[in-house]
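Observations on the model geometry
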Amino acid sequence: MRRLLQRLKNHSRPAYFSLWFLLVFYFVSFFADILAPYHFDQQFRNKPYHPPTKIHFFDSGGNFHIRPFVYNTVIDDPVFKTYKQDYSKIYPLKFFVSGKERRIFFFFKTKRYLFGVDQPAGIFLFGTDNYGRDIFSRLLYGGRISLSISLIGVFISFSLGMITGGIAGYFGGIIDQILMRLVEILMVFPSFYLMLSLRAMFPLNLSSIQVYLLIVMILSLIGWAGLARIIRGMVLSIKEEDYVLAARSLGLPHWKILLFHIFPNTFSYSITAITISVPGYIIGEAALSLLGLGIQEPYPSWGNILSSTIGNLRVLGDAPWLLLAGIFIFVVLINFNLLGDALRNVLDPKNW
Amino acid sequence: MKKLVLKRLLQLIPMLIGMSFVSFIIIQSSPGDYFAQMKMNPEISPETIESMKVNFGLDRPILVQYLLWLKNMCKLDFGVSFAYHIPVRTLIKFRLKNTICLAIFSLVISWVIALPLAVFAGYREGTFIDKIFSMLAYLSISLPSFFVALLFVYFISKTNLLPLGGTRSIFEVDASSFALFKDYMEHLLVPGLVLCLVNVGGLFRLMKNNFIETFNTPYVLAAWARGVPRNSVIFKHALRNALNPMFTILGMEIGGILNGAALTEIICGWPGMGSLILEAVLSHDLYLVMGSLVISGFLLIVGNLIGDILIAFFDPRIRIS
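Here the structure is a predicted model, which is why all the values come from computation and not from measurement.

Calculation rules
Residues numbered from 1 in each chain as written. Chains lettered and ligands numbered in written order. Predicted model: local features only at pLDDT ≥ 70, side-chain atom pairs only at ≥ 80, totals over all residues. Heavy atoms only, no water. Pairing = 2+ DSSP bridges. Helix = DSSP H or I, 4+ residues; strand = E, 2+ residues; numbered from the N terminus. Buried < 20%, exposed > 50% of the residue type's maximum accessible area, 1.4 Å probe, protein only. Contact = heavy atoms within 4.5 Å. Axes fitted to C-alpha atoms, helices over the stretch in contact; angles between N-to-C directions. Parallel < 35°, antiparallel > 145°, perpendicular 65-115°, else oblique. Left-handed = near helix turned anticlockwise from the far one by under 90°. Domains from an automatic or database assignment. Buried area = accessible area lost by both parts, 1.4 Å probe. Salt bridge = Lys/Arg side-chain N within 4 Å of Asp/Glu carboxyl O. Nonpolar A, V, L, I, M, F, W, Y, C, P; charged D, E, K, R; others polar.

What follows deals with the pairing of strand β2 (residues 64-77) of chain A. Residues and elements named next belong to chain A. In the sheet, strand β1 (residues 56-58) pairs with β2 via 2 bridges, with the strands oriented antiparallel. Counted as the bridge partner of His56 is Phe69 from β2. Connecting β1 to the next strand, β2, in antiparallel fashion are 5 residues, including Gly62 with a positive phi near 85°. The sheet contact formed by β2 and strand β3 (residues 82-92) spans 8 bridges and is antiparallel. Of the residues in β3, the one forming a bridge with Asp77 is Thr82. Where β2 folds back onto β3 in an antiparallel hairpin, the turn is made up of 4 residues, including Lys81, whose phi is positive at roughly 55°.

Structural data, given as structure tokens:
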């Protein structure tokens, strides 16, 4: 593992950087409870579509403050959602403020968040949505859902692909024929259409945990077919190797040969393939949530933060900061692509 | 050549049957008895229900239903949409035309942009210009289509440069066909450009890798050594061979573009297959979902077939073997 990291670093600095960037991103969304200034469904009813809060160092009198501060804002025009700042009082930015208790993944409780300002002022780094909820906090919490769905989805479809591909390639014959025909039929459908049709199999209004599991299921059902085909091809060539024949002549059971002699040799491909396929899952989740078929309000995901902008030019014009969710997706995708490309080169035996 | 095409066509048959069976199973397993639902729905006339009952055997065993549905499908009868109260075929025909126009438009534009740039960058591999193009290609690959579409919609809503949504804004009866065409193209431009922007990066990278690979082969080196002029080496020796794998890509792209197109259509308000299936899923319009799914799978199969035939046509190695 350490050697792999070193090689990655030597091969491509940007990709090494991407790896760390992604780790930080996952870390941040994992600890969203501490890092987000507000809870994802905390509403400021008097501040809908609030633009990103301006953070000041100089007050209206021109005096410098070492601690950055914000002004409270009041709505100026309720129709066009313009706000003006109230210069009478400054609200300094505070770190490790205490507030309502939140639970980190049901286990730990926290009362302190990284930063915040006193009420009634608010610190909305990326503005607010139609209910006056802080977009920055929702993006952090949403990252938790979007990123975890993609990881679990990749894991499941990988296991499925490994098992079916391995069995098809190893045993061959009629099993191979049946499994591969199945894979081919699944691959005939454009994934978006298949995704929507599978979604149509279930009622539209499900509880949030059901929707979460459903999305994971749909995405991994779509994703496994391509992997199974490639793994099968690799197993076909590996099973002719001498060490597999040796293991077989020693009388090892089939599952042991597959698990300990064949699968480890597909790992270098698998690591690359996992990295490259994660973006597809992130996009899939975002697409479903974007269309209102995925994660439902009040829970945030990167897709459903964007969803209020669809087909509604007014919202898009009033609150372009909602598009930041798209930038989050884009940034994560580009890092995954960079990392995947570098991994492919590093792990390719031709380049050793 | 004829034999190869014939063989590929024959291979299509089990594929189509399998595909239609999977679509049928997916829709059948959706919750609720939709036949009962139809009867309850006052908007659907008893005659429609009666004719569908006869045509699709809705009260008979599943397997019979599937065979009947398959038979009807061969006659291009996909049943009646519950939400629109018109045959699914009519709906799909109208939407399919738009989606294919969109796909062809964006395919043509992205190929016209990507191929020359790829040859240009491939010839100057490792230079500053090559690196710039590669970086741009990276950005294009990582951009989700819905995000680009939203950005375009935002931009256009601010500037009003182009019309948004629908396929036409001229509704005069006596409008000339040129004006209608121009109007259609203007509406096509936004979703078309979005798709093109998302696709062009991947194409560029594939083509560049192909070009570099052929550019380093012995026969290109031999051509250099014989003193063949530079343009001739690039365009006759390297480019023509580098293009061959691209025909397979062209076939696969048709499927890929359907995926990207669906979200783009929905966001840009282009009435195509993508927005059709979304509406169908949201209103639980099962025959419409089934029809769209089958047609989308059919398009993908046809795309792959076109790719295979093209590559056999252009690459003698495959044609002969």
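Residue and element names in this part refer to chain B. As for its placement among the helices and strands, Ile309 is situated in helix α12 (residues 286-314). Overall, the relative accessible area of 25% leaves Ile309 in the partly exposed class. For Ile309 and Gly18, which are 291 residues apart along the polypeptide, the C-alpha to C-alpha distance reads 22 Å. Apart from the residues within four sequence positions on either side, Ile309 is in contact with Met1 and Val5.

All names here are of chain A. For Tyr49, which is not a glycine, the phi torsion comes out positive at approximately 50°. Mapped onto the fold, Tyr49 is located in the loop between α3 (32-35) and β1. Given the relative accessible area of 11%, Tyr49 is considered buried.

Turning next to the packing of helix α6 (residues 128-142) of chain B against helix α8 (residues 177-215) of chain B. Working note: a packed helix pair is described by the angle between its axes plus the distance between those axes. All names here are of chain B. Running from N to C, α6 and α8 point in directions that differ by 135°, and their axes come no closer than 7 Å. With respect to each other, α6 and α8 are oriented oblique. As α6 runs across α8, the sense of the crossing is left-handed. Of the residues in α8, those in contact with Asp130, Phe133, Ser134, Ala137, Tyr138, Ser140 and Ile141 of α6 are Leu197, Val198, Val200, Gly201, Gly202, Phe204, Arg205 and Lys208.

Attention now goes to the domain arrangement of chain A. Residue and element names in this part refer to chain A. With domains assigned, chain A is organised as domain 1 (46-132) and domain 2 (137-351). Between domain 1 and domain 2, the residue contacts involve 11 residues of the former and 11 residues of the latter. Of the roughly 970 Å² buried between domain 1 and domain 2, counting both surfaces, carbon and sulfur atoms make up 64%. If you look at where domain 1 meets domain 2, you find 1 salt bridge. Two residues, Asp129 and Arg138, come together in a salt bridge whose shortest N-O distance is 3.8 Å. For the side of domain 1 that touches domain 2, the residue count by class is 6 nonpolar, 3 polar and 2 charged.

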